[in-house]
Amino acid sequence: MVANKMWLSLPKDFRKQLIANVYCTNCSGPVTITDFIIVDHPVGVMLDCRCGNCISKVARVVEMDE
């Protein structure tokens, strides 16, 4: 719940940019993610997700100022 509140505190345009720019090692480049969940991470939040191209598991950590 805390992670979701932190995620929603980011501007909507910035969240869209983060979703559209996650590195996939299988595709060797940035991809748009799908099926993501937001989880707590020691430095902020983490998007636990799938690559929109190859469906490999990927993640993105978003550092948050406290």
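What counts and what doesn't
Residues numbered from 1 in each chain as written. Predicted model: local features only at pLDDT ≥ 70, side-chain atom pairs only at ≥ 80, totals over all residues. Heavy atoms only, no water. Helix = DSSP H or I, 4+ residues; strand = E, 2+ residues; numbered from the N terminus. Contact = heavy atoms within 4.5 Å. Core = buried A, V, L, I, M, F, W, Y, C linked by side-chain atoms within 4.5 Å. Buried < 20%, exposed > 50% of the residue type's maximum accessible area, 1.4 Å probe, protein only. Salt bridge = Lys/Arg side-chain N within 4 Å of Asp/Glu carboxyl O. Pairing = 2+ DSSP bridges. Arc of directions from axis to C-beta.

Here we look at the side chain of R15
The topology assignment puts R15 in helix α2 (residues 12–19). Among all residues touching R15, those that are not within four sequence positions of it are W7, L8 and L10.

A short note on the nonpolar core
Formed by 16 residues in total, the largest nonpolar core has its most connected members in W7, L10, I33, V58 and V62. Those elements that place two or more of their residues in this core are α1 (2–8), α2, β1 (22–24), β4 (44–51) and β5 (57–63). Looking at this core element by element, the count peaks at four residues for β4. Setting aside anything within four residues of it in sequence, one finds V58 in contact with V22, Y23, C24, I33, L47, D48, C49, R50 and C51.

Notes on the pattern of salt bridges
Across all of its chains, the model carries one salt bridge by this definition. The residue K57 makes a salt bridge to D48 at a minimum N-O spacing of 2.8 Å. A relative accessible area of 21% places D48 in the partly exposed class.

Quick word on the pairing of β5
In this structure, β4 lies alongside β5, joined through seven bridges in antiparallel fashion. By the bridge assignment for β5, D48 is matched with A59. Adjacent in sequence and paired antiparallel, β4 and β5 are bridged by five residues, among which I55 carries a positive phi angle near 70°.

Some remarks on α2
Looking only at α2, the buried set comprises R15, L18 and I19. Each buried residue of α2 lies within a common arc of 100° when the element is viewed along its axis, so the set occupies one face. Set apart from the buried face of α2 by more than 90 degrees, the exposed residues are D13, K16 and Q17. Summarising the contacts, the buried residues of α2 are in contact with α1, β1, β2 (29–31), β3 (33–41) and β5.

Things to note about unusual backbone geometry
You will see that S28, though not glycine, has its phi angle at about 60°, which is positive. With respect to the helices and strands, S28 occurs in the loop between β1 and β2. In this structure, D35 takes a positive phi of about 50° despite not being glycine. Relative to the helices and strands, D35 is located in strand β3.

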